[in-house]
Amino acid sequence: MILQRLFPHPLLTLILWGIWLLLNNTISPGHIVLGAVLAIFIPWLTSSYWPEKITIRHPWMLVLYVLRVLFEILVANAVVAKLILGPQKNLKPGFLNYELKLTSPVGIGLLANTISLTPGTVSCDLSKDRRYLLIHALHIDDVEAIKAEIHRKFEKPLLEIFVTC
């Protein structure tokens with residue numbers, strides 16, 4: 001019980017500590033201690049602002065998800081470069097409403113950020129009932145194909161990764 005109060009989000013604590021050490025590019029004792037203090041206190045101080053407890057059902061799927069997103073960013077960069085360097089008249093930008101299966105605020109936020117990180121798409125708005133995500137795409141040939149691709153590549157893995165508590 002005391003550990004739960006001290007470490008309300010243990011995974012976040014470890015991630016923050018690791019990022020601190022990576023950003024400082026050192027494992028000196030001072031940075032290890034300062035990073036640990038910050039990694040403990042930031043989640044502890046902000047825990048009351050988290051709307052739900054985050055539970056990751058399959059941690060390795062989260063690692064695979066991150067790798068997939070990085071790969072998709074590389075692929076999308078090449079596709080966007082080809083579209084931009086090609087004839088501008090061939091571009092068909094537009095908006096689409098994506099119906100969400102995710103209900104977790106963390107999952108929805110991660111999906112929206114993933115879409116925005118992928119070149120050629122931007123998450124613009126979330127409906128008040130949190131059922132639809134408005135997405136702008138640089139080029140839309142087939143709306144349903146884009147929706148199916150978002151679901152298959154990003155939302156479906158997130159549905160399996162996060163458990164709503």
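Reading the values: the criteria
Residues numbered from 1 in each chain as written. Predicted model: local features only at pLDDT ≥ 70, side-chain atom pairs only at ≥ 80, totals over all residues. Heavy atoms only, no water. Pairing = 2+ DSSP bridges. Helix = DSSP H or I, 4+ residues; strand = E, 2+ residues; numbered from the N terminus. Axes fitted to C-alpha atoms, helices over the stretch in contact; angles between N-to-C directions. Contact = heavy atoms within 4.5 Å. Buried < 20%, exposed > 50% of the residue type's maximum accessible area, 1.4 Å probe, protein only. Core = buried A, V, L, I, M, F, W, Y, C linked by side-chain atoms within 4.5 Å. Expected span 1.5 Å × (residues − 1). Arc of directions from axis to C-beta.

Draft legend 1. Highlighting the sheet that holds strand β3 (residues 121–126). The sheet built from three strands is open, its strands ordered β2-β4-β3 with antiparallel pairing. Taken across any chain shown, the strands that pair with only one partner, and hence form the sheet edges, are β2 (94–99) and β3. Geometrically, the sheet is characterised by an average inter-axis angle of 30 degrees between neighbouring strands, direction not taken into account. Summarising the sheet, β3 and strand β4 (residues 132–137) pair through five bridges and their orientation is antiparallel. When the bridges of β4 are listed, Ser-123 appears paired with Ile-135. Packing of helix α5 (residues 105–117) onto the sheet brings it into contact with β2, β3 and β4, and relative to β3 it is tilted by some 145 degrees. Of the strands in this sheet, β2 and β4 touch helix α6 (residues 143–161), which is tilted by about 50 degrees from β2.

Draft legend 2. Seen up close, unusual backbone geometry. Unusually for a residue other than glycine, Asn-25 sits at a positive phi of about 55 degrees. Here Asn-25 is to be found in the loop between α2 (10–24) and α3 (29–46). Positive phi outside glycine occurs at Arg-130, with the angle close to 60 degrees. Take Arg-130: it is sitting in the loop between β3 and β4. On the basis of relative accessible area, Arg-130 is assigned to the partly exposed category, the value being 39%.

Draft legend 3. Inspection of the nonpolar core at higher detail. Within the largest apolar cluster, 22 residues are counted, with the highest numbers of intra-cluster contacts made by Tyr-98, Leu-111, Leu-133, Ile-135, Ile-150 and Leu-158. Where this core is concerned, the elements lending two or more residues are α4 (59–85), β2, α5, β4 and α6. Ranked by the residues each element gives to this core, the list is headed by α6, at five residues. Among all residues touching Leu-158, those that are not within four sequence positions of it are Tyr-65, Leu-102, Gly-107, Leu-110 and Leu-111.

Draft legend 4. Spatial organisation of α5. In this model α5 runs 18 Å from its N-terminal to its C-terminal C-alpha over 13 residues, within 8% of the 18 Å that 1.5 Å per residue would give. For α5, the set of buried residues is Gly-107, Ile-108, Leu-111, Ala-112, Thr-114 and Ile-115. Angular distribution of buried residues about the axis of α5 spans 160 degrees; they occupy a single face of the element.

Draft legend 5. Looking closely at the environment of Ser-104. Considering the arrangement of structural elements, one finds Ser-104 in the loop between β2 and α5. Spatially, the C-alpha atoms of Ser-104 and Leu-91 are 34 Å apart, while their sequence positions differ by 13 residues.

Function cannot be inferred from these measures alone, as they are strictly geometric.
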